[in-house]
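# Structural characterization, general
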Amino acid sequence: MTAVLNQATRSPFSDYSAYVSKLQRLKLESHRVADWNTRVDAALNGQASVELRRVAPVETRRKFGAFFTGTDLGSRLIGCGTGFDAKSVFYDPTCGMGDLLIAAARKLSLCKTLPDTLRQWGKQLTGTDLHREFIEGARTRLVLLARQRHKTDEELQNTDAGFFPNIRVADGLKQKALFNRATHLLLNPPFGQVASPTDCKWAGGRITEAAAFVVAALERAKQGTEMLAILPEVLRSGSFSEQWRKRVSQLAEVQLVQPYGIFDDSADVDVFLLRLTRRAESQNPAPHLWTDSAHRTSIVADFFDVHVGRVVPHRDKKKGEEHPYIHPRCVPTWTTMRDFPESRRHEGKVYAPPFVAIRRTSRPGHPYRATATIIAGNRPVAVENHLIVCEPKNGKFSACRELMRQLKTEAVNEFLNARIRCRHLTVGSVAAIPFKL
Ligand SMILES: C[S@@+](CC[C@H](N)C(=O)[O-])C[C@H]1O[C@@H](n2cnc3c(N)ncnc32)[C@H](O)[C@@H]1O
């Protein structure tokens, strides 16, 4: 019975506790031990994320949206903020291991003693997360940062929880008091797809949870609160997010919209940085340019539905109907493919031609970043996950031909080179390519 109960209540991240305990031991060691600083640097710069990837499968991390912000991205976000002083109160409603709070704490001053600093930071740094392991980790890492900056072995009488009473396990969407106290909201929410709230006026059907978090946080924030957020690129540039952008502009003054590129090596998603200030709600907000140019250029996502192919060859069982099958090695480039040398059984999503297939990885020395092929014919095609599929919203072959023509240009190369550093194309980067029909 107990075993059953334990299993039922077992946290999805319980295997991560061993790493958090290691951080807690590091916090108690003397800073004079030869490699203490090096180990603290690692603990504050990316190790928490690497360790999570080691112990938690990607499906679990996706389900709970557990992807922690890297040091560079975190400091860039905080660098966009304004008005930080000793009275600033930061709240990260989905704080994970505290990476955004750590980036903010690097900007806070130190008091005379370590305990004084921790008491002061405890008033200024607040956060919530659903998972106990992350909350304990976030508090411990903040103590590590304070100790490292103080260069001291001063005794600490209080526990981490005593120093950071407002970093706690809770649902970030239900914290009225914390939203109310905050002068700055820090946000890198989960990006998974969820059903839109039933009373939602700005979306229907399934939406990214990130969109719901931003609106919920702004609705709860008091006037004048600054929000600094890392969000999926589709919210900035997708035509389907227009209503979300409108709702955000009603609640806040949009001050900075900055494309960033891919989140990190483990989360293949393009993000942008956003700075907003909550103001009195306005039915007629001044229009804000979420995109770079004065007249919004149209993009691929306005004319095509963009997806990654659904077949994962070594994982998916060959079950279901037999379909023509394409993968990068059998698809000729810059032409129309009508005959399919390979087929396979596939139960999942297949795509009805015509559509454009783009290789996710460009070959070294290949002159174009987005190498395309038009897939024609009249049978639905199973597509391997190393290809990106662009289905024309108007269903026309001519739209595919125009997309293939525009992809084979230096302008698209330059756009993709500026936008993503790695060779791997993402759905977000293809969706955002400027495109006119
Ligand atoms: C993308 S991670 C970001 C963590 C942290 N803000 C950072 O930037 O590193 C999102 C976090 O949100 C947490 N989370 C998801 N839903 C939540 C909710 N309703 N309330 C509080 N935390 C939540 C997850 O456990 C995860 O740690």
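Above this text sits the structure in question.
My aim in this report is to walk through the structure given alongside it, one point at a time. Being a predicted model, the structure only gives us computed values, none of them experimental.

### Quick notes on the state of the cysteines
- Enumeration according to the criterion identifies zero disulfides in this entry.
- A disulfide-free cysteine, C390 has its sulfur positioned 8.5 Å from the sulfur of C400, the nearest such atom.

### Description of the pattern of salt bridges
- In total, this model carries 17 salt bridges according to the counting rule given.
- Linking D116 and R119 is a salt bridge whose minimum nitrogen-to-oxygen distance equals 3.0 Å. Remark: R119 and D116 occur in helix 8 (residues 114-124); sequence separation between them is three residues, near one turn of the helix.
- A salt bridge links E242 to R245; the nearest nitrogen and oxygen atoms lie 3.2 Å apart. Remark: R245 and E242 occur in helix 14 (residues 242-251); sequence separation between them is three residues, near one turn of the helix.
- R245 gets classed as buried once you look at its relative accessible area, which sits at 4%.
- Where salt bridges share partners, they join E29, D35 and R39 into one cluster.

### A few points about helix 8
- Within helix 8, burial applies to L114, P115, T117, L118, W121, G122 and Q124.
- Contacts made by the buried residues of helix 8 are with strand 1 (90-92), helix 7 (99-105), strand 2 (125-129), helix 9 (132-150) and helix 10 (160-163).
- Its side-chain oxygen 3.2 Å from the backbone nitrogen of D116, T113 forms the N-cap of helix 8.

### Concerning the packing of aromatic side chains
- All chains considered together, the criterion is met by eleven aromatic pairs.
- Note on Y16 and Y19: the rings are 5.5 Å apart at their centroids and 45 degrees apart in plane angle, and the pair reads as tilted. The pair Y16 / Y19 is uniform in exposure class, with both members buried.
- Every member of this aromatic cluster is reached through a ring pair, and the members are F13, Y16, Y19, F64, F68 and F134.

### What to know about the site of the ligand
- Not every one of the 23 residues close to the ligand is listed here, only the nearest: T69, T94, D129, D171 and G172.
- Between an oxygen atom of the ligand and a side-chain N or O atom of T69, the distance comes to 2.5 Å.
- A distance of 2.7 Å separates a nitrogen atom of the ligand from a polar atom in the backbone of T94.
- Burial of the ligand by the surrounding chains reaches 96%, relative to a free accessible area of 600 Å².
- When grouped by side-chain class, the residues that make up the shell around the ligand number twelve nonpolar, seven polar and four charged.

### Points about the environment of V169
- Tracing the backbone through its elements, the reader meets V169 in strand 3 (residues 167-169).
- Here V169 falls in the partly exposed class, since its relative accessible area comes to 45%.
- With 33 residues separating them in the primary sequence, V169 and E136 have C-alpha atoms 9.1 Å apart.
- Contacts of V169, omitting those with residues within four sequence positions, involve D129, L130, H131, R132 and I135.

### Brief notes about the sheet that holds strand 8 (residues 252-262)
- Pairing is mixed across the open sheet formed by seven strands, whose spatial order is 3-2-1-4-7-9-8. Of all strands in the sheet, those bounded by a partner on one side alone are strand 3 and strand 8. Averaged over all pairs of adjacent strands, the angle between their axes in this sheet comes to 15 degrees, without regard to strand direction.
- As judged from the two bridges shared by strand 1 and strand 4 (residues 184-187), these two strands associate in the parallel manner. Across the sheet, the residue bridging to Y91 is L185, located in strand 4.
- Contacts from helix 9 reach strand 2 and strand 3 within the one sheet, and its direction differs from that of strand 3 by about 165 degrees.
- Contacting strand 7 (226-232), strand 8 and strand 9 (270-278), helix 14 crosses the sheet at an angle of about 135 degrees to strand 8.

### Structural notes on the side chain of E51
- Assignment of secondary structure puts E51 in helix 4 (residues 47-55).
- One polar contact links E51 to R54, side chain to side chain, over a distance of 2.9 Å.
- Once residues within four sequence positions are removed from consideration, E51 is found in contact with Y16 and Y19.

### Details of the packing of helix 2 (residues 17-28) against helix 3 (residues 36-44)
- Running from amino to carboxyl end, helix 2 crosses helix 3 at an angle of 140 degrees, the nearest separation of the two axes being 11 Å. Classified by the interaxial angle, the pair formed by helix 2 and helix 3 is oblique. For the element pair helix 2 and helix 3, the recorded crossing hand is left-handed. Residue-level inspection shows Y19, L23 and L26 of helix 2 in contact with helix 3, the latter providing W36, R39, V40 and A43.

About the thresholds
- Counting of residues starts from 1 at the beginning of each chain's written sequence and follows it residue by residue.
- In keeping with the predicted nature of the model, local features appear solely for residues at pLDDT of at least 70, side-chain atom pairs appear and are counted solely at 80 or more, and the whole-chain, interface and lining totals rest on all residues.
- To obtain the side-chain values, all non-hydrogen atoms of the structure were included, while hydrogens and water were left out.
- In this description, a disulfide is simply a cysteine sulfur pair whose atoms lie within 2.5 Å.
- When a carboxyl oxygen of Asp or Glu is within 4 Å of a side-chain nitrogen of Lys or Arg, the pair counts as a salt bridge.
- Helix numbering and strand numbering both begin at the N terminus, where a helix is a DSSP run of H or I of at least 4 residues and a strand a DSSP run of E of at least 2.
- Residue exposure (1.4 Å probe, protein chains only): buried if accessible area is under 20% of the type maximum, exposed if over 50%, otherwise partly exposed.
- The contact criterion used throughout is that any non-hydrogen atoms of two residues lie within 4.5 Å.
- Polar contacts, as used here, are pairs of N or O atoms within 3.5 Å; protein pairs need one atom able to donate a hydrogen and one able to accept it. Residues neighboring in sequence count only if both atoms are side-chain atoms.
- Two aromatic rings, drawn from Phe, Tyr or Trp (for Trp, its six-membered ring), form a pair once their centres lie within 6.5 Å of each other, and the interplanar angle then sorts them: stacked below 30 degrees, edge-to-face above 60, tilted otherwise.
- Any residue with a heavy atom positioned within 4 Å of a molecule or strand is treated as near that molecule or strand.
- The Shrake-Rupley method, run with a 1.4 Å probe, gives the accessible areas here. Residue values count only the displayed protein chains as cover.
- Lys, Arg, Asp and Glu make up the charged group, whereas Ala, Val, Leu, Ile, Met, Phe, Trp, Tyr, Cys and Pro make up the nonpolar group; the residues left over, Gly among them, are polar.
- A strand pair is defined by DSSP finding two or more bridges across the two strands.
- Whenever a helix is involved, its axis is fitted only over the stretch in contact; in every case the axis is a line through C-alpha atoms, and angles between N-to-C directions fall within 0 to 180 degrees.
- In what follows, roughly perpendicular refers to angles from 65 to 115 degrees, roughly parallel to angles under 35, roughly antiparallel to angles over 145, and oblique to any angle outside these ranges.
- By convention, the crossing between two helices is left-handed when the near helix turns anticlockwise from the far helix through less than a right angle, and right-handed when the turn is clockwise.

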